[in-house]
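Close look at the chain arrangement
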Amino acid sequence: MHASSMNARHALLGTMTLLAILGVVNASYLTYTAFLGIAPECTLLSGCDLVSASPYSRVFGIPLALFGVFFYVSILGFSLWGFIQKTIRPQLFLVLLTTLGFLLSLYFLYLQAMVINAYCQYCLLSLVDATVLFILSLFISRLERKSVSEEKIFLLTNGVNT
């Protein structure tokens, strides 16, 4: 991988790491309030109490936000793995996880808009976070594919069989 591609990859992974930390903090706060049985404090919107009290805020009695914590911790782990792993790239896991997170976030937005008729600022922050993570994972995947293609072209033009 060229130095510029490596720098871009590290910048993308670094951004994903920071966004994953933001997601962990956000989802942890929502998990904390869910276990205490209190509504998260809404400072920008009104509706966090309605969203957090809705039946859609739990899955099998488990706060949905706890799944968010696991999601963001997984993204954090795979992003960090991308910094240290040189032979096997974690981009496939990042693309799969962030695609799932993005699609679920869209579904949760639908629930807030069409079913609950209220919005939670923390859920919307998670939607933005998951969307940006998804986009960044696609950039990393594209960068990896481009790098592999360039390496194959280099090897073929220099008479090395792949």
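Since we're looking at a predicted model, the values are computed, not measured.

1. A look at the state of the cysteines
Per the stated rule, a full pass over the model turns up 1 disulfide. There is a disulfide in this structure between Cys 42 and Cys 48, and the S-S distance comes to 1.8 Å. A torsion of 65° about the S-S bond marks the disulfide between Cys 42 and Cys 48 as right-handed. By relative accessible area, which is 1% here, Cys 48 ends up buried. In this structure Cys 120 is not part of a disulfide, and its nearest cysteine sulfur, from Cys 123, lies 3.3 Å away.

2. Observations concerning the packing of aromatic side chains
By the definition in use, this model includes 8 aromatic pairs. The interplanar angle of 0° and the centroid separation of 4.8 Å between the aromatic rings of Phe 102 and Phe 134 together place this pair among those described as stacked. Taken together, the residues Phe 102 in helix H4 (residues 91–116) and Phe 134 in helix H5 (residues 121–157) connect sequence positions 32 residues apart. Across the pair, exposure class does not vary: Phe 102 and Phe 134 are buried alike. Chaining the aromatic ring pairs together yields one cluster made of Phe 78, Trp 81 and Phe 93.

3. Thoughts on the side chain of Thr 31
Relative to the assigned elements, Thr 31 resides in helix H1 (residues 3–36). In this structure Thr 31 comes out as buried when scored by relative accessible area, which is 7%.

4. A closer look at the confidence of the model for the chain
Per-residue confidence for the chain gives a mean pLDDT of 87; residues scoring 70 or more make up 84%. This stretch, residues 151–155, has a pLDDT under 50; its non-local contacts, to residues over four places away or in other chains, come to 4 contacts.

5. Some details on a nonpolar patch on the surface
Together, Tyr 56, Tyr 107, Tyr 110, Met 114 and Val 115 make up an exposed nonpolar region whose accessible area comes to about 510 Å². Structurally, Val 115 is set in helix H4. The partly exposed category is assigned to Val 115, whose relative accessible area is 34%.

6. Section: helix H3 (residues 64–84)
Taking 1.5 Å as the rise per residue, H3 with 21 residues should run 30 Å; its terminal C-alpha atoms sit 31 Å apart, in good agreement. Listed in full, the buried residues belonging to H3 are Ala 65, Gly 68, Val 69, Phe 71, Tyr 72, Ile 75, Leu 76, Ser 79 and Gly 82. Along the axis of H3, the buried residues cluster in a sector spanning 165°; they form a single face. Exposed and facing more than 90 degrees away from the buried side of H3 are Phe 70 and Ile 84.

7. Observations regarding unusual backbone geometry
Of note in this structure, Phe 60 is not a glycine but carries a positive phi near 55°. As for its position among the elements, Phe 60 is in the loop between strand E1 (58–59) and strand E2 (62–63). When its relative accessible area of 82% is taken as the criterion, Phe 60 is described as exposed. The residue Asn 117 is not glycine, and still its phi comes out positive at about 60°. With respect to the element layout, Asn 117 can be found in the loop between H4 and H5. Residue Asn 117 is classed as exposed on the basis of its relative accessible area of 58%.

Conventions used here
- Residues numbered from 1 in each chain as written.
- Predicted model: local features only at pLDDT ≥ 70, side-chain atom pairs only at ≥ 80, totals over all residues.
- Heavy atoms only, no water.
- Disulfide = S-S within 2.5 Å.
- Buried < 20%, exposed > 50% of the residue type's maximum accessible area, 1.4 Å probe, protein only.
- Phe/Tyr/Trp six-rings, centres within 6.5 Å; stacked < 30°, edge-to-face > 60°.
- Helix = DSSP H or I, 4+ residues; strand = E, 2+ residues; numbered from the N terminus.
- pLDDT = per-residue confidence, 0-100.
- Contact = heavy atoms within 4.5 Å.
- Patch = residues over 30% accessible without salt bridge, like charges linked within 9 Å, V, L, I, M, F, W, Y side chains within 5 Å.
- Areas by Shrake-Rupley, 256 points an atom, 1.4 Å probe, with all protein chains shown as cover.
- Salt bridge = Lys/Arg side-chain N within 4 Å of Asp/Glu carboxyl O.
- Expected span 1.5 Å × (residues − 1).
- Arc of directions from axis to C-beta.

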